[in-house]
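Secondary and tertiary structure notes
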Amino acid sequence: MAHKKGGGSTRLGRDSKGQRLGVKRYGGEKVNAGAILVRQRGTKIHAGNNVGVGRDHTLFAKVDGHVKYEPVARYKGR
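Remember, predicted model here, so these are calculated numbers, not experimental data. (Residues numbered from 1 in each chain as written. Predicted model: local features only at pLDDT ≥ 70, side-chain atom pairs only at ≥ 80, totals over all residues. Heavy atoms only, no water.)

Formed by Val-31, Ala-35, Leu-37, Val-38, Val-51, Leu-59, Ala-61 and Val-67, the largest nonpolar core amounts to eight residues. Of all elements in the fold, only strand E3 (36-39) and strand E5 (59-61) reach the threshold of two or more residues within this core. Contacts of Val-38, omitting those with residues within four sequence positions, involve Gly-22, Val-23, Lys-24, Ile-45, Thr-58, Leu-59 and Tyr-69. (Core = buried A, V, L, I, M, F, W, Y, C linked by side-chain atoms within 4.5 Å. Buried < 20%, exposed > 50% of the residue type's maximum accessible area, 1.4 Å probe, protein only. Helix = DSSP H or I, 4+ residues; strand = E, 2+ residues; numbered from the N terminus. Contact = heavy atoms within 4.5 Å.)

Here you go:
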């Protein structure tokens, strides 16, 4: 008699690769036109001047320059 239970195969062992989202260029960095600034899902960070938005909400530089992030003025409700 076997003393170990049969291992068998599992159907759940797969895992997907990370999506590598997040900020790619930080404030003050020099970037060229076309450089990816942020990869994100949805518009957590909104595009400003000279910044384009891709189909997957990726932010990218439209012109050469330096990156600058600014807080958004929030609507108070009154």
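Positionally, Thr-58 belongs in the loop between strand E4 (51-53) and E5. For Thr-58, a relative accessible area of 6% translates into the label buried. Between the alpha carbons of Thr-58 and Gly-42 there is a distance of 8.8 Å; along the sequence they are 16 residues apart. Beyond its immediate chain neighbours, meaning those up to four positions away, Thr-58 contacts Ile-36, Val-38, Arg-39, Gly-52 and Val-53. Of the polar contacts made by the side chain of Thr-58, one reaches the side chain of Arg-39; its length is 3.3 Å. A distance of 2.8 Å separates polar atoms of two side chains, one belonging to Thr-58 and the other to Asp-56. (Polar contact = N/O pair within 3.5 Å; in protein donor to acceptor, adjacent residues only side chain to side chain.)

Attention now moves to the side chain of Gln-40. Residue position: Gln-40 is located in the loop between E3 and E4. For Gln-40, the side chain forms a polar contact with the main-chain nitrogen of Ile-45, separated by 3.0 Å. Residue contacts for Gln-40: discarding those within four places in its chain leaves Leu-21, Ile-45, Asp-56, His-57 and Leu-59.

Before going further, it helps to spend a moment on the sheet that holds E5. Hydrogen bonds between backbone atoms are what pair the strands of a sheet, whose relative direction is either parallel or antiparallel. The four strands lie next to each other as E1-E3-E5-E4, forming an open sheet whose pairing is antiparallel. Every other strand in the sheet has two partners, leaving strand E1 (22-23) and E4 as the edge strands with one partner each. Bridging between E1 and E3 involves two bridges; their strand directions are antiparallel. Note that in E3 the partner of Gly-22 across the bridge is Arg-39. (Pairing = 2+ DSSP bridges.)

Further remarks concern the pattern of salt bridges. Inspection of the entire model under this criterion finds two salt bridges. Arg-39 is the partner of Asp-56 in a salt bridge, and the nearest nitrogen-oxygen pair spans 3.6 Å. Taken as a pair, Asp-56 in the loop between E4 and E5 and Arg-39 in strand E3 lie far apart in primary sequence, 17 residues in all. Judged by relative accessible area, which is 34%, Asp-56 ranks as partly exposed. A salt bridge links Lys-68 to Glu-70; the shortest N-O distance between them is 3.3 Å. When its relative accessible area of 64% is taken as the criterion, Lys-68 is described as exposed. Residue classification places Glu-70 among the exposed positions, given a relative accessible area of 58%. (Salt bridge = Lys/Arg side-chain N within 4 Å of Asp/Glu carboxyl O.)

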